[in-house]
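One-letter residues, chain by chain:
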Amino acid sequence: MCGIVAYVGNKQAYPILIKGLKRLEYRGYDSAGIALFNDEINIYKKKGKVANLEEYTEDKNISGHIGMGHTRWATHGKPDDTNAHPHKSGNSDLAIIHNGIIENYAPLKEALINEGHVFETETDTEVLIHLIEELQKRDNLSIEEATRLALTKVIGAFAIVVMDKKDPGKIVAARKASPLVIGIGDGEFYIASDATPIVEYTNQVVYLKNEEIAVLTNTGEFSLKTISNIKQTPSIQELDLKIEELEKGGYDYFMLKEIHEQPKTIADGMRGRLSAEESWIRLGGLEEFENRITKAKRLIFVACGTSWHSGMIAEYLIEEYARINVEVEYASEFRYRNPVLDEKDVVIAISQSGETADTLAALEMAKEKGALTYGIVNVVGSSIARLTDAGSYIHAGPEIGVASTKAFTGQVTLLTMMALSLAHKKGTLPKSDYSRLLAEFENVPVKIEKLLKSCDEQCKFIADKIASASNALYLGRGLNFPVALEGALKLKEISYIHAEGYPAAEMKHGPIALIDENMPVIVTASNMSSYEKIISNIQEVKARKGYVIAIVPEGEKEIKKTADHIIEIPETEEIFTPLLTVIPLQLLSYYIAIIRGCNVDQPRNLAKSVTVE
Ligand code: G6P
């Protein structure tokens, strides 16, 4: 988390930095700050959103052709003006922005205090810039050499940008674990946590590799080495990102835009990979390893948040259709559990950003233990995409709303293709069923389009009825249990209503005690295989006066008699229902959050890309 942007060249840096910070705000919005070089290094920083910083700098000197900006998600030190980045060295010659955590900051700080350094903030970042200053002073080093040496002494994750008043035409950028991209312009460079602040200026980029340090100058020089001092050659890539994808396109919020993009993004995820007419699924990344995967002892999905819910859907699908043993793990638990793993296991990471620190670390551990690693990722060129042995992109395009929507359905689409492809390869799914399912799969985007239209007003209406609730319960069985978890997560993320997702049958082992007339219970009841059972669960809720909102298949009659509201989804094969049932849950959360006056795209305390443990 935390967003980094920097510029060195001949343009005015301020507008580039502010615009870039707004694009990166999804990574954290506790505070924002910039440093601009103009004879001096001028630093301006403010608690809160980038807009606060913009207002604060209205009457300030904002000229300068070199500068850097930061939007923070607080780790060390409370979110206030003082702890906001950039941070200065003790002599005020150096400035730094940092994304990540310096784990050994405490002993480093103590040693620096003993050398006479005085600290103004509670941050780990300030320790790093003082360390760079100390090394520079001690041996009269260049800024790049002092930075490199300092980085050999820190433990943790970082993406940093450093500037030095004494060496003003230059910016030093380095990374370990946290991402950093360098855009190459005409005698100028743009540096950022991801490509979104860069895309409108250049499509030539270099993704900094782990433990690399770059020096970029306003005369167009770009030198690159590892932190251990081995010269590297930058590998320039072309960006495949369009500026329109980063705009709201007429919607009030990115989340709403992204919800409505799903018919297209799901179709994009299938394009060239599935043909019902010719009865095939081809996932480039999978083909090479399909043999090893179908013979794997276990497939272990590792993920966090929404991506973990997608993994749970994959477990149901792959076990059901391909008959391969699947486990789904929270990456943060898995990485510290010393799991039994070997080369017969396949570890599959699911991640929208491709940067989640715990998921990355889980993959690294799996690699060390000899497992094959596979990545299911949205952000092209991200760390997970580069680390894994193979993988598939979901092709959902940039997701900017902090609450994940189109990435979730993109992941589920990809995982459903994966399950069907593995099943076909293993021969566990009769050919006729395979063809029938592929034909229906191609209809799913159109059905979602129809559903978005048919349920929108209804979701607004129901949102109005339940927006003042303090709690909500989401229930589902089978494939719709992970959907219930995802529905509950969406609601708590953006509306701050406490919500829990539960397997419908488990309700009677605890949550039923919470049910009264003030408890909305949202039931995803589209699975016909457990239809009778879910009707009984709904009756159990109604008997306790719960307020039931049920998502049911088109034309359903029984639940209609009992539930307070029903939302119908177009008829489809059960395997595809998660792609449909989640849509009204996303819209419901969105409208509830709007009624409650919440900032849907930037919910409090959250960040989209969690690059710290
Ligand atoms: C954060 C985001 C969630 C996301 C999770 C995992 O918590 O707010 O929306 O599901 O990280 O992120 P990833 O990028 O790995 O899917």
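That block above? That's the structure.
Residues numbered from 1 in each chain as written. Predicted model: local features only at pLDDT ≥ 70, side-chain atom pairs only at ≥ 80, totals over all residues. Heavy atoms only, no water.

Here's the deal with the sheet that holds strand β19 (residues 326-330)
Worth spelling out the cut-off: The pairing criterion is simple: DSSP has to find at least two bridges between the two strands. Put simply, DSSP H or I for four residues or longer makes a helix, DSSP E for two residues or longer makes a strand, and each gets a number counted from the N terminus. To get an axis, fit a line to the C-alpha atoms, keeping to the stretch in contact for a helix; angles then go from 0 to 180 degrees between the N-to-C directions. We call two residues in contact when some of their heavy atoms are within 4.5 Å.
With respect to topology, five strands assemble into an open sheet ordered β19-β18-β20-β21-β22, the strand pairing being parallel. Unpaired on one side and paired on the other, β19 and β22 (390-393) mark the two borders of the sheet. Across the sheet, the axes of successive neighbouring strands diverge by a mean angle of 20°, strand direction being ignored. Lying on the sheet, helix α12 (residues 357-368) is in contact with β18 (298-303), β20 (345-351) and β21 (372-377); it crosses β20 at an angle near 165°.

Points about the nonpolar core
Looking at soluble globular proteins, one finds that nonpolar side chains tend to be buried together. Put simply, the rule is: The nonpolar core is taken to be a set of buried Ala, Val, Leu, Ile, Met, Phe, Trp, Tyr and Cys residues, with the residues joined through side-chain atoms within 4.5 Å. Buried residues are those whose accessible area, probed at 1.4 Å on protein chains only, stays under 20% of the maximum for their type, while exposed residues exceed 50% and partly exposed ones sit between those limits.
Grouped together as the largest cluster of nonpolar side chains are 95 residues, with contacts concentrated most on L299 and F301. The greatest single-element share of this core, amounting to 13 residues, is contributed by helix α15 (residues 431-466). Leaving out residues up to four positions away in the same chain, L299 has contacts with I293, I318, I324, N325, V326, E327, V346, I348 and L422. If you look at the next biggest cluster of nonpolar residues, it comprises 28 residues, including L24, A195, V199 and V205.

Description of the packing of aromatic side chains
The cut-off we apply is this: Pairs were defined over the aromatic rings of Phe, Tyr and Trp, the Trp ring being its six-membered one, requiring ring centres within 6.5 Å. Orientation was assigned from the angle between planes: stacked under 30 degrees, edge-to-face over 60, tilted for the rest.
Applying the stated criterion to the full structure yields seven aromatic pairs. For the ring pair W308 and Y330, a centre distance of 4.0 Å and an interplane angle of 10° mean the geometry is stacked. Of the two residues, W308 is situated in helix α10 (residues 305-322) and Y330 in strand β19; the sequence distance between them amounts to 22 residues. The class of W308 is buried, set by a relative accessible area of 12%. On the basis of relative accessible area, Y330 is assigned to the partly exposed category, the value being 40%.

Quick notes on the site of the ligand
As a reminder, the rule being used: In this text, near means that some heavy atom of the residue lies within 4 Å of the molecule or strand in question. Here a polar contact means two N or O atoms within 3.5 Å. Within protein one must be a hydrogen donor candidate and the other an acceptor candidate, and residues neighboring in sequence count only if both atoms are side-chain atoms. Residue polarity is assigned by list, with Asp, Glu, Lys and Arg as charged and Ala, Val, Leu, Ile, Met, Phe, Trp, Tyr, Cys and Pro as nonpolar; anything else, Gly included, falls into the polar class.
The ligand sits among 14 residues. The nearest are S307, S351, Q352, S353 and T356. The backbone of Q352 places a nitrogen or oxygen atom 2.7 Å from an oxygen atom of the ligand. One of the backbone nitrogen or oxygen atoms of V402 is found 3.4 Å away from an oxygen atom of the ligand. Among the residues forming the shell around the ligand, the class breakdown is four nonpolar, eight polar and two charged.

Focus: the side chain of R335
With respect to the secondary-structure elements, R335 resides in the loop between α11 (331-334) and β20. At 3.1 Å, the side chain of R335 and the side chain of Y336 are in polar contact. With residues near it in sequence (within four places) discarded, R335 still touches A357, D358, A361, A362, M365 and E613.

Notes on empty space enclosed by the protein
Quick note on the threshold: With a 1 Å grid spanning the protein atoms alone, the term cavity applies to any set of points in which a 1.4 Å probe fits but cannot get out, the term pocket to an open set with protein on both sides within 12 Å along at least five of seven lines, and the term lining residue to any residue with an atom within 4 Å of a point. Grid points are joined across faces, edges and corners, and a volume is the space filled by probe spheres set on the points.
All chains considered together, the criterion is met by one cavity of 30 Å³ or more. Taken as a whole, the largest cavity holds about 70 Å³ of empty space. The wall of the largest cavity is formed by 13 residues, among which T75, H85, G100, D124 and T125 lie closest to the centre. When contributions to the lining of the largest cavity are tallied by element, the ones reaching two or more residues are β6 (94-102) and α4 (124-139). Per-element tally for the lining of the largest cavity: the top contributor is β6, with three residues.

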